[in-house]
Amino acid sequence: MSARPAAETTDFTTCDLYDADESLQSCSVQFQDLGARSRFTGPVRTIRCHRDNGLVKQVLNSPGHGAVLVVDGGGSLESALMGDLIAAAAVRNGWAGVVIHGAIRDRALVATLDLGVKALGSNPRKSAKDGAGELDVAVEFGGVRFTPGATLWADEDGILVTP
């Protein structure tokens, strides 16, 4: 785990990107920035799961190649879908970021990691570890359809995704 905030290596803003291309999808969900990177971009990978982070752990423990994992947890804040150990694995494996339509835990430690993390909030309760869910399927929330392979850009103003 890195103890220092990430240096911003991206030179975009979502506002400028949208002004240049209004066909981009803009996510209306008001996510919290919880990782050390507030600005990140990459190709989308997806998971749909409910209160079970088995697939999240599996995927973030594999090579990310600069991708962004979008997790549709149905907006549930009942239990966390990622904590510091899984987030640290994402850093080690080259993931650019994680967007979780749900909760994380260990937010103080996650905030020190060189990873973009957007989530609805936090809850110390662990989730199940059965691996229930779907991998690399289209997921929708906030008026956006996230499809595997689409490009996602995220910063302090929000999230944009290619249609």
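What you are looking at is a predicted structure, and each value in this text was computed from that prediction instead of being measured.

Moving on to the overall build of the chain. Scanning the chain from N- to C-terminus turns up four helices and eleven strands. Relative to the 2.2 N^0.38 estimate, which gives 15 Å for 163 residues, the radius of gyration of the chain is 14 Å and therefore close to what a compact globule would have. For the chain, the spread of C-alpha atoms along the principal axes amounts to about 40 × 35 × 25 Å. The long-range share in the chain, meaning contacts at least 24 apart out of those at least 6 apart in sequence, stands at 76%. With an accessible surface of roughly 7,300 Å², the chain has 49% of that area assigned to carbon and sulfur atoms. Averaging the positions of the 15 positive and the 20 negative side-chain charges in the chain gives two centres separated by 11 Å.

We now examine a negative patch on the surface. Residues Asp16, Asp19, Asp21 and Glu22 make up a contiguous surface patch of negative charge. In this structure, glutamate 22 sits in the loop between helix H1 (14–20) and strand E1 (25–26).

Looking at the chain as a whole, the pLDDT averages 94, with 94% of positions reaching at least 70. Low pLDDT, under 50, characterises residues 1–8; the predicted model gives this stretch 15 contacts beyond four residues in sequence or across chains.

So, about the nonpolar core. If you look at the biggest cluster of nonpolar residues, it comprises 25 residues, and the most contacted ones within it are Leu60 and Met82. Breaking this core down by element, the ones donating at least two residues are helix H2 (54–60), strand E4 (68–72), helix H3 (84–92), strand E5 (97–104) and strand E6 (116–122). Other than its neighbours up to four places away in sequence, leucine 60 contacts Leu69, Met82, Ile86, Ala89, Ala90, Asn93, Trp95 and Val98. Grouped together as the second largest cluster of nonpolar side chains are 17 residues, Phe40, Val68, Ala150 and Val161 included.

In this section: the pattern of salt bridges. Taken as a whole, this structure holds eight salt bridges when the rule is applied. Residues arginine 39 and glutamate 156 are paired through a salt bridge, measuring 3.4 Å at the closest nitrogen-oxygen approach. Of this pair, arginine 39 sits in the loop between strand E2 (32–33) and strand E3 (40–48) while glutamate 156 sits in the loop between strand E10 (151–155) and strand E11 (158–161), and the two are 117 residues apart along the sequence. Linking arginine 45 and aspartate 136 is a salt bridge whose minimum nitrogen-to-oxygen distance equals 2.9 Å. Taken together, the residues span a long stretch of sequence, with arginine 45 in strand E3 and aspartate 136 in the loop between strand E7 (134–135) and strand E8 (139–141) at a distance of 91 residues.

The subject of this paragraph is the pairing of E6. Most of E6 sits inside the fold, with five of its seven residues counted as buried. Alignment of E2 against E6, held across two bridges, turns out to be antiparallel. Bridge pairing in E6 links aspartate 33 to lysine 118.

Cut-offs and rules
Residues numbered from 1 in each chain as written. Predicted model: local features only at pLDDT ≥ 70, side-chain atom pairs only at ≥ 80, totals over all residues. Heavy atoms only, no water. Helix = DSSP H or I, 4+ residues; strand = E, 2+ residues; numbered from the N terminus. Rg over C-alpha atoms; globule rule 2.2 N^0.38 Å. Contact = heavy atoms within 4.5 Å. Areas by Shrake-Rupley, 256 points an atom, 1.4 Å probe, with all protein chains shown as cover. Lys, Arg positive; Asp, Glu negative; His and termini not counted. Charge placed at Lys NZ, Arg CZ, Asp CG, Glu CD. Patch = residues over 30% accessible without salt bridge, like charges linked within 9 Å, V, L, I, M, F, W, Y side chains within 5 Å. Salt bridge = Lys/Arg side-chain N within 4 Å of Asp/Glu carboxyl O. pLDDT = per-residue confidence, 0-100. Core = buried A, V, L, I, M, F, W, Y, C linked by side-chain atoms within 4.5 Å. Buried < 20%, exposed > 50% of the residue type's maximum accessible area, 1.4 Å probe, protein only. Pairing = 2+ DSSP bridges.

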